[in-house]
Amino acid sequence: MGVALLLVAAFIASAGATLLRGKMKLEDRLQGMGNNDFGQTVLQMISLQTEMGGDVEDVLKLMYDLKASLETEQNTDQAEYDKQSASLIQRIFDAEQAASNAITQVNEASSRLKEMRSRREVLEKLIVKNNLQLNRTIEQRTKLVENHEQEAQELIERMKQAKELIEVLTLIINDLTHKVLLNNEPTLAEVQQIADRLHEVAKSNPLASLVQFTATLDVYVIKNIITKLEDIRIRLALTLKDDKKESEKAETLYQDMIKKLQEIEQNLSAELLSASAELKQIDVDEVTEEERKENNLELFRNNQVLQAASQVELDTATAAHKKRSDDRSAAIKLLNRAIKTIKNKKDRLIEATEKPEQDSP
């Protein structure tokens, strides 16, 4: 109220008695300027200007300059705010993009880890399965080799015995033919020698039933024995021949089976080696993907924090800028009102001053 009254008093002093009639109206119009800090400052500047002898033109110039300064400040502040807000908006956008990229990397790493763990289970099952199959194959091959060796040894022994028996039969047949049939009167010792050899050969052979020298030993019986011995020798020779053929077939089959089993072992071993190498690589890749996931999670969190902080900074800057802008706009509006009021009073003062001069003779 005091500053406003000083302003009114300055106008009264400079305008003369004519202004006294409008004193209360001017005081009421300017009094509203003192309701805030800026208005108080303007009133104080006006009061100071009038106290220093300034006229209405000086006051108006001061107010115009102040208005121009506020408008310049408003434009400068707007430009700075636009620059600051653009920078903050870009920072928020970059942080949002970085966070989005980071979470994409996290999801990709998680998906990759899931795939690797699933693959690990498959490989571990494959290794167990192949190990079991490899062990069974090795066991089967070992048993096959053992059986083959045993059968081969038995065949060799059987063929050896057959050959020996054929040789003995040949000798006996020859002895019987030459010494019995071709000799009308063989000695008792010769006959006994032949009988002993037949008994020796026939210990575990059907020939034993043929060797019956204890009762009779005429030419007919000996011929019959020779015929049966020759028949046995022929059958033994055929059996020996068949055994050789079967042995060759068995050997071919054995070699084929051994080859197949060895191929199976090689394939299983190769699969095991490949699976083991892949498992080792998965171990390395899992560590890499875990690090990738953790690093991007940290990057995601950091960018979220940066985004939130930048948004707060932008909101704060926007609110502060709005307040400054609103305050300046209100101040400019207040100055415009004051300028208009003073100009109106100035014009009325001039009219009031010129009128008496026109009325005088």
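Numbering of residues begins from 1 in every chain and follows the order in which that chain's sequence is written. For this predicted model, a pLDDT threshold of at least 70 governs which residues receive local features, and a threshold of 80 or more governs which side-chain atom pairs are given and counted, while totals over whole chains, interfaces and linings are taken from all residues. Note: side-chain values were computed over all heavy atoms of the structure, leaving out hydrogens and water.

Engineer: Describe the overall build of the chain, naming the residues involved and giving the relevant values.
Structural biologist: The number of helices and strands found in the chain is six helices and zero strands. The numbering of helices and of strands both runs from the N terminus, where a helix is a DSSP run of H or I of at least 4 residues and a strand a run of E of at least 2. Starting at the N terminus and ending at the C terminus, the chain contains elements arranged as α-α-α-α-α-α. The buried share of the chain, reckoned over its 361 residues, is 31%. Working rule for contacts: check all heavy atoms of both residues, and any pair within 4.5 Å makes them a contact. Taking as baseline every contact in the chain between residues at least 6 positions apart, the subset at least 24 positions apart corresponds to 81%. Computed by Shrake-Rupley with a 1.4 Å probe, the accessible areas treat only the displayed protein chains as cover when residues are assessed. Accessible area of the chain: about 23500 Å², with a carbon and sulfur share of 53%. Classification of residues uses two cut-offs on accessible area relative to the type maximum, computed with a 1.4 Å probe and protein chains only: under 20% is buried, over 50% is exposed, and between them is partly exposed.

Engineer: Mind laying out the pattern of salt bridges, listing which residues take part and the relevant values?
Structural biologist: Here a salt bridge means any side-chain nitrogen of Lys or Arg lying within 4 Å of a carboxyl oxygen belonging to Asp or Glu. Applying the stated rule across the entire model yields 19 salt bridges. Note that Lys61 and Asp65 form a salt bridge whose closest N and O atoms lie 3.0 Å from each other. Linking Lys61 with Asp65, this pair stays in helix H4 (residues 56-181), spanning four residues, or about one helical turn. The salt bridge involving Glu289 is made with Arg292; its shortest N-O contact spans 3.0 Å. Of this pair, Glu289 and Arg292 are both found in helix H6 (residues 219-359), three residues apart, which corresponds to roughly one turn of the helix. Here the salt bridges share partners, and the residues they tie into one network are Glu73, Asp77, Arg324 and Arg328.

Engineer: Kindly report on the side chain of Thr137, identifying the contributing residues and their values.
Structural biologist: Among the structural elements, Thr137 can be located in helix H4. Of the residues examined, Thr137 reaches a relative accessible area of 6% and is grouped as buried.

Engineer: Which residues make up the nonpolar core, and what values go with them?
Structural biologist: Ranked by internal contacts, the top residues of the largest apolar core, which has 16 residues, are Leu169, Leu176, Ile226, Leu229, Leu236 and Leu240. Where this core is concerned, the elements lending two or more residues are H4 and H6. We call a set of buried residues a nonpolar core when its members are Ala, Val, Leu, Ile, Met, Phe, Trp, Tyr or Cys and they connect through side-chain atoms within 4.5 Å of each other. Membership of the second largest hydrophobic core comes to twelve residues, among which are Val59, Leu70, Leu335 and Ile342.

Engineer: Break down the environment of Glu230 for me, citing the residues and quoting the values.
Structural biologist: Residue placement: Glu230 occurs in helix H6. Remark: the alpha-carbon pair of Glu230 and Ile172, spanning 58 residues in sequence, is separated by 10.0 Å.

Engineer: Please give an account of the environment of Glu313 that cites residues and values.
Structural biologist: Within the fold, Glu313 resides in helix H6. Non-local contacts of Glu313, meaning those with residues more than four positions away in its chain, are made with Gln84, Leu88 and Arg91.

Engineer: So, the confidence of the model for the chain: which residues are in play, and what are the values?
Structural biologist: Note: pLDDT gives the predictor's confidence per residue, expressed from 0 to 100. Chain-level statistics for the chain give a pLDDT mean of 79 and a share of 70% at 70 or above. Mean pLDDT across the elements of the chain ranges from a minimum in helix H1 (residues 2-15), with 36, to a maximum in H4, with 90. Counting contacts from residues 1-31, a segment whose pLDDT is below 50, to residues more than four positions away or on other chains yields 34 contacts. In this model, residues 208-216 is a region of pLDDT below 50 whose contacts with residues beyond four sequence positions or in other chains number 13 contacts.

Engineer: Please set out the side chain of Asn130 residue by residue, giving values where relevant.
Structural biologist: Topologically, Asn130 is positioned in helix H4. For Asn130, the residues in contact, after removing those within four places along its chain, are Leu268, Glu271 and Leu272.

Engineer: Go over the environment of Glu291 with me, naming the residues and quoting the values.
Structural biologist: Inspection of the secondary structure puts Glu291 in helix H6. Each C-alpha atom of the pair Glu291 and Ala109 lies 9.2 Å from the other, and the pair is 182 residues apart in sequence.

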